[in-house]
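Structural overview
Residue strings, one per chain:
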Amino acid sequence: MVERRTLCTGVLLSFMAGVSKSTFASLFHTVNEFDIIVVGAGGAGLAAALTAAEAKERVLLIEKMGAIGGNTLRASGLFNAADPERQERIGIKDSPQWHFEQMMKSGRSKGDPEVVRRFVNEALPTLHWLESLGVRFLPTPMTTWGAEWPRGHKPLQPRGQAYIRTMSTACIKQGVIIKTNTALTDLITDENGRVTGIRSVVTSSQGQHTMVFHARKAVILTAGGFGANSVLVSKYRPELKGIPTDNNPGNTGDVMEAAMRIGAATTGLSYIQCVPGAPKGRNFQVRLDLDIGRVVMLDADGRRFIDEDQSRGELSRAILNHPKGSVWMLTDNASVNEMDQISRKDVYRGLQTGDSMRADSLEAIAVKMSLPVHEVKASISKFNQEVAQEVGKCGRVKCHSIKTSPYWASRVILNVHTTMGGLVINSKAQVKNKAGQIIPGLFAAGEISGSVHGENRMGGNGIADAITFGRIAGKEACQLQSS
């Protein structure tokens, strides 16, 4: 029998190297009965597994891809939470109640109020939990694309790396069994409808084989949404057919559909969000909009047509109302220098592929964008006045003048970013069936759930929701009696 520490260390090394470890199938612990099984090893799954393991439960965490991380690794990394300690010292007023009201309005009241309420109330304790594990955040909150309020806490490490590295290390220390290249195919229920385990296909160098794992207490689904499944995206939102995705390839919705086969209810499957991203086939993104107080968005006439701090739904609708490829982002070198190292590297990579442009003057960058020079200069002059006067969006978010050469620009190409619809859950992260009843032994957290955001997800809420509800699911699952 392989010692657990050896196996888990191998899993972490797999993540660090970013390569598949198909040999895990042969190394996997021979016992197939656990207290709690977690399906999907992104931010939500790691939080759920770690929380359950901290309560001394025996936990299995499976991931169908060859490495852990999911969409959390691809995210900008911001974690939304009302935090008086950080916000009040820079003049920002915020509270869980204001976060709640904004979410309900932004999502057009389609989120479950009880679920949203628990999220906003537990986001800050979750942030503090992450800090206790070793995640370090910048001292000043920021506002990203579609965030609608400056409550985004940014880790010191790039993107979502801090969350995945920190929680996976803690999972290993707590004895969580992590198994990659393992895809759930079916949920197993008993005669009373209680979920008691999973059936999965394990891929190794020897091929594929089916394994059954039993859960004495619960199964927690944290496998993400279906943003990488173009068939499902087109089914629920036909007008998005052909739009590229920025999702992890594993976000195909198969785990959600497995839950649907045992009667799980879904909601809002047509609520699919787009954000600026990369052309189809590109393996990196040029994102000049990560700090919305440092960028303007221009149309084909070189004019701003919307305040850039609006909701993601409003922003994407405004972009889609313009001819394809006619909308631009413009910022300056001071903004690029403030980016994390991965985002900054991608901006420079874009110079080679044409995804970004750079010039020493506003006149020169306008010429490169084929926009009217006088309109571009007028737009930037007006924006800089708003910065000085703290009006427009600069009355709501922290803005910086665009004045440090060289100037940077990128064409806006929308990507399918997140699917807000999914499984119906309650405030304890328990999955409901079509009759509105709890499915015993089944929980869900993160993008696979559909009860949190409604029609629109505010920027910075994705990771916060995933980790907060992952932790809630882990806590609540531990309270169940063993079957």
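Taking strand neighbours across the sheet as the criterion, the four strands line up as β11-β12-β14-β13 in an open arrangement whose pairing is antiparallel. Edge strands, defined here as strands with exactly one partner in the open sheet, are β11 (296-298) and β13 (357-359). Neighbour to neighbour, the strand axes of the sheet diverge by 25 degrees on average, direction disregarded. On the sheet, helix α13 (residues 362-369) packs against β12 (328-332), β13 and β14 (407-411) and is oriented at approximately 150 degrees with respect to β13.

All right, on to the environment of G42 then. Within the element layout of this structure, G42 appears in the loop between β1 (33-39) and α3 (43-54). A relative accessible area of 12% means that G42 is categorised as buried. Sequence separation of G42 and N71 is 29 residues, and the distance between their C-alpha atoms is 6.6 Å. Apart from the residues within four sequence positions on either side, G42 is in contact with E63, G69, G70, T72 and I164.

Counted by the stated rule, this structure contains 27 salt bridges. Across the salt bridge formed by R159 and D346, the nearest N and O atoms sit 3.3 Å from each other. Of the two residues, R159 sits in the loop between β4 (152-153) and α7 (161-174) while D346 sits in helix α12 (residues 341-353), which places them 187 residues apart along the sequence. The same class applies to R159 as to D346, namely buried. Among the charged side chains, a salt-bridge network with shared partners connects R304, D307, E308, D309, E386, K393 and R396.

Reading the values: the criteria
- Residues numbered from 1 in each chain as written.
- Predicted model: local features only at pLDDT ≥ 70, side-chain atom pairs only at ≥ 80, totals over all residues.
- Heavy atoms only, no water.
- Pairing = 2+ DSSP bridges.
- Helix = DSSP H or I, 4+ residues; strand = E, 2+ residues; numbered from the N terminus.
- Axes fitted to C-alpha atoms, helices over the stretch in contact; angles between N-to-C directions.
- Contact = heavy atoms within 4.5 Å.
- Buried < 20%, exposed > 50% of the residue type's maximum accessible area, 1.4 Å probe, protein only.
- Salt bridge = Lys/Arg side-chain N within 4 Å of Asp/Glu carboxyl O.

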